[in-house]
Amino acid sequence: MAWLLVIVAGFLETGFAVCLKLSHGFTRLWPTITFAAFALGSFGLLTLALRKLDVGPAYAVWTGIGAAGTAIYGMIFLGDVVSTLKIVSISLVIAGVIGLQLSGSAH
C-alpha cells in the first residue's frame with residue numbers, strides 16, 4: 001500500500017510540475033490553484049508513504065515518476081522536443097524507478 005501512495009504521489013508531482021509551467025509564474029489563477037492542490041496532495045501522500053518505506057528508494061521513485069511523467073507530458077502535449085536520446089533517457093529513469101521499487105523494503 002505504501003508503494004501505491006508513492007506512485008500516486010509521483011503522478012501528482014507530474015501534475016504540479018505541468019501546472020507550474022501553465023501558471024506562467026503564478027500569474028494565472030486556475031493553473032496556480034491546481035498546482036497548489038497537486039503539490040499538497042503529492043507531498044501529503046509521500047509523507048504518509050514514508051511512515052513505512054525507506055526514504056532513499058521512496059524519494060527516488062517519487063522524483064523519477066515525476067520527472068519521467070513531466071517529460072513525457074511535455075513531449076506529447078506541450079510541444080517539447082522529442083529525440084531518441086530523450087526517449088532512451090526517460091526509459092532509463094523508468095527502469096531505475098522499477099529497480100528501486102523492487103529493492104525497497106518496508107519497515
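Definitions and cut-offs
Residues numbered from 1 in each chain as written. Predicted model: local features only at pLDDT ≥ 70, side-chain atom pairs only at ≥ 80, totals over all residues. Heavy atoms only, no water. UniProt positions renumbered as here; feature names shortened; annotations may be inferred. Helix = DSSP H or I, 4+ residues; strand = E, 2+ residues; numbered from the N terminus. Rg over C-alpha atoms; globule rule 2.2 N^0.38 Å. Buried < 20%, exposed > 50% of the residue type's maximum accessible area, 1.4 Å probe, protein only. Contact = heavy atoms within 4.5 Å. Areas by Shrake-Rupley, 256 points an atom, 1.4 Å probe, with all protein chains shown as cover. Axes fitted to C-alpha atoms, helices over the stretch in contact; angles between N-to-C directions. Parallel < 35°, antiparallel > 145°, perpendicular 65-115°, else oblique. Left-handed = near helix turned anticlockwise from the far one by under 90°. Core = buried A, V, L, I, M, F, W, Y, C linked by side-chain atoms within 4.5 Å.

- Looking at an unreviewed UniProt entry, one finds the chain named Multidrug efflux SMR transporter, with Streptomyces rectiviolaceus as its source organism.
- What the UniProt record of the chain gives under Subcellular location (unreviewed entry) is the line "Cell membrane".
- For the record of the chain, the UniProt heading Sequence similarities (unreviewed entry) holds the text "Belongs to the drug/metabolite transporter (DMT) superfamily. Small multidrug resistance (SMR) (TC 2.A.7.1) family."

### Remarks on the overall build of the chain
Part 1 of the argument: Check the secondary structure of the chain and you find four helices and zero strands.
Part 2 of the argument: From first element to last, N terminus to C terminus, the chain shows the α and β order α-α-α-α.
Part 3 of the argument: Taken over C-alpha atoms, the radius of gyration comes to 15 Å for the chain, in line with the 13 Å a tight globule of 107 residues would show.
Part 4 of the argument: The C-alpha extent of the chain, read off along each of the three principal axes, is 45 × 35 × 15 Å.
Part 5 of the argument: Counting only residues that meet the buried cut, the chain has 31% of its 107 residues in that class.
Part 6 of the argument: Considering only intrachain contacts with a sequence separation of at least 6, the fraction spanning at least 24 residues in the chain is 68%.
Part 7 of the argument: In the structure as shown, the chain presents an accessible area of about 6400 Å², 74% of it carried by carbon and sulfur atoms.

### Examining unusual backbone geometry
Part 1 of the argument: Even without being glycine, His24 reaches a positive phi, approximately 50°.
Part 2 of the argument: With phi around 60°, Phe26 is a residue other than glycine that occupies positive phi space.
Part 3 of the argument: Classification of Phe26 by relative accessible area gives partly exposed; the value is 48%.

### A short note on the packing of helix α1 (residues 2-22) against helix α2 (residues 29-49)
Two quantities define a packed helix pair, namely the angle between the axes and the distance from one axis to the other.
Part 1 of the argument: Put simply, α1 and α2 touch, their axes get as near as 8 Å, and they point 160° apart. Between α1 and α2, the crossing angle belongs to the class labelled roughly antiparallel. As for how α1 packs across α2, the hand of that crossing is left-handed. Contacts from Ala2, Leu5, Val6, Val8, Ala9, Leu12, Glu13, Gly15, Phe16, Cys19, Leu20 and Leu22 of α1 reach α2 at Pro31, Thr34, Phe35, Phe38, Ala39, Gly41, Ser42, Phe43, Leu45, Leu46, Leu48 and Ala49.

### Some remarks on the nonpolar core
Part 1 of the argument: Counting 16 residues, the largest nonpolar core has Val6, Leu53, Val61 and Trp62 as its most contacted members.
Part 2 of the argument: Elements that contribute at least two residues to this core include exactly α1, α2 and α3 (55-77).
Part 3 of the argument: A total of six residues in this core trace back to one element, the largest contributor, which is α1.
Part 4 of the argument: Those residues in contact with Trp62 that sit more than four places away from it in its chain are Val6, Ala9, Gly10, Glu13, Phe16, Ser42, Phe43 and Leu46.

### Thoughts on the UniProt feature "transmembrane region" (unreviewed entry) in the chain
Part 1 of the argument: Using the residue numbers shown here, the UniProt feature "transmembrane region" (unreviewed entry) corresponds to residues 33-50, 57-78 and 84-102.
Part 2 of the argument: This span, residues 33-50, is 94% helix and 0% strand, and a straight line between its end C-alpha atoms measures 26 Å.
Part 3 of the argument: In this annotation, residues 84-102 is assigned 100% helix and 0% strand; the end-to-end C-alpha distance for the span is 27 Å.

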